[in-house]
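# Chains, contacts and geometry: an overview
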Amino acid sequence: MTRIAYVNGEYSPLEDAKISILDRGFLFADGVYEVAAVLDGKLADYAGHVARLHRSLGELQIAPPVGDDELLEIHRELVKRNAVDEGLVYLQVTRGAGERDFPFPKDAKPSLVLFTQAKNLAEAPIAATGYKVKTVPDIRWARRDIKSVALLAQVLAKQAAADSGCNEAWMVEDGKVTEGGSSNAYIIKDGRIITRPVSNKILSGITRASVLKLAAERDMEVEERVFSVDEALAADEAFVTAASTFVMPVVEIDGKMIGGGQPGPVARRLREIYIDHARSSAI
Ligand code: PDD
């Protein structure tokens, strides 16, 4: 079956879906994106993704290309046309096409692109064995809170991880873990869930917000603070969260086993709790 993509008002087969070479997303990475999970053909944590999209667009002074009702309709239509039961919807908004010049063009119309990716999420086999992580220097810019499509640092980080046989990179600044290449990072020590507080140093994960809320509701101890690589290496457990992985246990960091090299009980429980929440609240 040919995948159907959405580009600026049109649904078309992926191979026919095209954007101008003068699009500022292509020329300057002048745009933002979102990735929302699909479970049972429905959108998980959708409200959070749309809220963050508005924030990112606002920070870059890009006008939303369509209203919220239409955006939800496009998501649903794409999920339907591609018969996605489980997977991801990728969305990108750029400032649009204009003659190449650095300041914002006066008359550019924002571009809107969406496509789907079928993916096993809830039953992803890797969740049973857990991720191996490689630490790399965090060489990104100072506005990591914006979900910008400028992802070259993460591409290099995740390639370095893959070259070392790892599933994810943990980016490190001043000896402290900022976040994963495409995920938020956590450790567990003596039953406490420890993760970096939200700031311009990391992306405010939608999965992170849900997981921390669900944990607090269950009287699990959450400590939002910076943690070092050394602390992570001595942790009882570790995990990452993202729309594309949900809660994913981490069993190895830089070749050193964490918690005996098996997914830990807290990470496993949080994964179950999150998947139940995502399924039951999906729209
Ligand atoms: N990335 N931190 C970074 C740098 C990310 O790229 C992501 C998600 C997250 C987790 O955010 P959320 O829980 O809202 O997915 C944290 C997406 C999945 C991606 O780039 O594919």
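In what follows, the accompanying structure is described. Computed from a predicted structure; not experimentally measured.

This part covers the overall build of the protein. A tally of regular secondary structure across the protein gives 8 helices and 15 strands. Expected size for 283 residues packed as a compact globule is a radius of gyration near 19 Å; at 19 Å, the protein falls within 12% of this value. Projected onto its principal axes, the C-alpha positions of the protein cover 55 × 40 × 35 Å. Each of the 283 residues in the protein was classed as buried or not, and the buried ones make up 53%. When contacts within the protein are restricted to residue pairs at least 6 apart in sequence, long-range pairs at least 24 apart make up 72% of them. Accessible surface computed for the protein: about 13,200 Å², of which carbon and sulfur atoms make up 53%. Taking the average location of the 35 positive side-chain charges in the protein and that of its 41 negative ones, the two points are 2 Å from each other.

A word on the nonpolar core. By size, the foremost hydrophobic cluster in this structure holds 28 residues, and its most contacted members are Ile193, Phe239, Phe246, Leu270 and Tyr274. Of all the secondary structure elements, the ones that give two or more residues to this core are β3 (31–39), β5 (87–94), β10 (184–189), α6 (206–217), β14 (246–253) and α8 (265–281). What Phe246 contacts, discounting residues up to four positions off in sequence, is Ala37, Leu39, Leu121, Ala122, Thr207, Val240, Thr241, Arg271, Tyr274 and Ile275. Among the nonpolar cores identified, the runner-up in size contains 24 residues, and Leu53, Leu72, Ile74 and Val79 belong to it.

Our next topic: the environment of Val93. With respect to the helices and strands, the residue Val93 is situated in strand β5. Along the backbone, Val93 and Val32 are 61 residues apart, and their C-alpha atoms lie at a distance of 5.5 Å.

Here we take up the pairing of β5. Counted residue by residue, β5 has 8 buried out of 8 residues, so it is predominantly covered. Two elements, β3 and β5, share 8 bridges in a ladder whose sense is antiparallel. When the bridges of β5 are listed, Gly31 appears paired with Thr94.

Turning our eyes to something else, we now look at the packing of α6 against α8. Between two packed helices, both the angle of their axes relative to each other and the distance between the axes serve to describe the pair. Their axes nearest at 10 Å, the elements α6 and α8 cross at an angle of 110°. The orientation of α6 with respect to α8, classified from their angle, is roughly perpendicular. Of the residues in α8, those touching α6 at Thr207, Ser210, Val211, Leu214 and Ala215 are Leu270, Ile273, Tyr274 and His277. A breakdown of the residues in the contact of α6 with α8 according to their chemical character gives 6 nonpolar, 3 polar and no charged.

The environment of the ligand is made up of 19 residues, and the closest members are Tyr33, Glu179, Ile206, Thr207 and Ala243. At 3.2 Å from a nitrogen atom of the ligand is found a side-chain nitrogen or oxygen belonging to Lys147. A distance of 2.8 Å separates an oxygen atom of the ligand from a polar backbone atom of Ile206. Here the ligand has 480 Å² of accessible area as a free molecule, and 91% of this is covered by the chains. Under a 2 Å grid-point criterion requiring more than half of the atoms, the pocket assigned to the ligand is the largest pocket. Breaking the shell around the ligand down by element, the ones donating at least two residues are β3, α2 (46–59), β9 (176–180), α6 and β13 (237–242). Of the residues that constitute the shell around the ligand, the class distribution is 6 nonpolar, 10 polar and 3 charged.

It is worth spelling out unusual backbone geometry at this point. Positive phi values are uncommon outside glycine, yet Asn8 reaches one of about 45°. The topology assignment puts Asn8 in the loop between β1 (4–7) and β2 (10–13). One non-glycine residue, Asp219, lies in positive phi territory at about 60°. Assignment of secondary structure puts Asp219 in the loop between α6 and β12 (222–224). We classify Asp219 as exposed; its relative accessible area is 72%.

Conventions used here
Residues numbered from 1 in each chain as written. Predicted model: local features only at pLDDT ≥ 70, side-chain atom pairs only at ≥ 80, totals over all residues. Heavy atoms only, no water. Helix = DSSP H or I, 4+ residues; strand = E, 2+ residues; numbered from the N terminus. Rg over C-alpha atoms; globule rule 2.2 N^0.38 Å. Buried < 20%, exposed > 50% of the residue type's maximum accessible area, 1.4 Å probe, protein only. Contact = heavy atoms within 4.5 Å. Areas by Shrake-Rupley, 256 points an atom, 1.4 Å probe, with all protein chains shown as cover. Lys, Arg positive; Asp, Glu negative; His and termini not counted. Charge placed at Lys NZ, Arg CZ, Asp CG, Glu CD. Core = buried A, V, L, I, M, F, W, Y, C linked by side-chain atoms within 4.5 Å. Pairing = 2+ DSSP bridges. Axes fitted to C-alpha atoms, helices over the stretch in contact; angles between N-to-C directions. Parallel < 35°, antiparallel > 145°, perpendicular 65-115°, else oblique. Nonpolar A, V, L, I, M, F, W, Y, C, P; charged D, E, K, R; others polar. Near = heavy atom within 4 Å. Polar contact = N/O pair within 3.5 Å; in protein donor to acceptor, adjacent residues only side chain to side chain. 1 Å grid on protein atoms, 1.4 Å probe; cavity = no way out; pocket = protein on both sides within 12 Å on 5 of 7 lines; lining within 4 Å. Sits in = over half its atoms within 2 Å of the grid points.

Scope: geometric values only; no functional claims are made or implied.
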